[in-house]
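Residue-level structure breakdown
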Amino acid sequence: MRRAPIGRPSPPVASGLAERRSRGRGFGGARGVLLKAPRRGRALSPCAMAYQGLAQEYLGMPAVTRAYTTACVLTTAAVQLEFITPFQLYFNPDLIFRKLQIWRLITNFLFFGPLGFSFFFNMIFLYRYCRMLEEGSFRGRTADFVFMFLFGGFLMTLFGLFASLFFLGQAFTIMLVYVWSRRNPYIRMNFFGLLNFQAPFLPWVLMGFSLLLGNSIIIDLLGIAVGHIYYFLEDVFPNQPGGKKLLLTPSFLKMVFDTPEEDPNYNPLPEDLPENQPGDQDQQQRPL
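Residues numbered from 1 in each chain as written. Predicted model: local features only at pLDDT ≥ 70, side-chain atom pairs only at ≥ 80, totals over all residues. Heavy atoms only, no water.

Once that is clear, we can look at helix α4 (residues 63–80). Taking 1.5 Å of rise per residue, the 18 residues of α4 would be expected to cover 26 Å, and the 26 Å separating its terminal C-alpha atoms lies within 8% of that figure. Close packing links the buried residues of α4 with α7 (117–135), α8 (142–162) and α9 (169–183). Among the residues trailing α4, Glu82 stands out with phi positive, at a value near 65°. (Helix = DSSP H or I, 4+ residues; strand = E, 2+ residues; numbered from the N terminus. Expected span 1.5 Å × (residues − 1). Contact = heavy atoms within 4.5 Å.)

Next up on the list: the packing of α8 against α9. Remark: α8 packs on α9, axes separated minimally by 11 Å, with the N-to-C direction vectors making an angle of 130°. Relative to α9, α8 is oriented oblique. Our pair here, α8 against α9, has a crossing hand that is right-handed. From α8, Met148, Phe149, Gly152, Gly153 and Met156 reach across to α9, where they touch Ala171, Phe172, Met175, Leu176 and Val179. (Axes fitted to C-alpha atoms, helices over the stretch in contact; angles between N-to-C directions. Parallel < 35°, antiparallel > 145°, perpendicular 65-115°, else oblique. Left-handed = near helix turned anticlockwise from the far one by under 90°.)

All right, on to the pairing of strand β2 (residues 195–198) then. Two elements, strand β1 (residues 188–191) and β2, share four bridges in a ladder whose sense is antiparallel. Across the sheet, Met189 pairs through a bridge with Phe197, a residue of β2. Between the antiparallel neighbours β1 and β2 lie three residues, among them Phe192 with a positive phi of about 55°. (Pairing = 2+ DSSP bridges.)

Bringing the pattern of salt bridges into the picture now. Scanning the model with the defined rule gives five salt bridges in all. Of the charged contacts in the structure, one is a salt bridge between Arg131 and Glu135, with a shortest N-O distance of 3.0 Å. In this pair, Arg131 and Glu135 are both assigned in helix α7, four residues apart and thus about one turn of the helix distant. Residues Arg141 and Asp144 are paired through a salt bridge, measuring 2.9 Å at the closest nitrogen-oxygen approach. Ionic contacts of the salt-bridge type, sharing partners, join the residues Arg141, Asp144, Glu234 and Lys245 into one network. (Salt bridge = Lys/Arg side-chain N within 4 Å of Asp/Glu carboxyl O.)

Let us now look at the environment of Phe147. One can find Phe147 in helix α8. Relative accessible area serves as the criterion here: at 15%, Phe147 is assigned to the buried category. Sequence separation of Phe147 and Pro250 is 103 residues, and the distance between their C-alpha atoms is 8.0 Å. When sequence neighbours within four positions are dropped, the list of residues in contact with Phe147 reads Leu247, Leu248, Thr249, Pro250 and Leu253. (Buried < 20%, exposed > 50% of the residue type's maximum accessible area, 1.4 Å probe, protein only.)

Put into structure tokens, the structure is as follows:
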């Protein structure tokens, strides 16, 4: 009798295996299911991948940058969709103090004009430098960052009382750019591949670019002036002989925005340790 080669089933055994496999496929039993190749997960469409990446980037933004950028985008979208008009947002001292339209103190910092090149240009700079400040020199100091917002907005509002300025959002962006540039003086910048310069010159380059576009440079000068006042009072004057820190963040802002620091010398009581806490079964209420 001729033997089958080693490693291969003999013809009767092979036919039996084929019959069993066909039976498994025929009535859809467990064997038939096991013989099927596992399905792979469906690949995400380009739109879904773009949306997922955008959502991750948005959620990864620090809190103050995310809140301010979102408010600016939503305000512009509301104007674009004609839910509101710019006449309800602009800075007007008479309407603020006589008719108590207090919201104008905030909304004039949120509107950057209709959708277009100027809006996207300001949004890019606002998002970039506001985020770099919050994640850089203001890392872990959210209350100080909010106080800088309030201080800069207060000075710009005071100046707006004596000048016919309707929207101060662009000046606020220049202020953020100025503070960042003075705190990073050795970074090399490239403006649209045309100019190479050190970071402290960036606000002046932006002012020159606004001048080329035919815009007024009063807004840019206001942002530079307010940014320099904050930088001098916060970073320069306290380090001078006889100088001291004049800009003190209120304690209530620190209570709201900053997490309390843990005392390294604090030793909890034994009953306060997590391993000594009662379990869930001990915390259940007993029946009356």
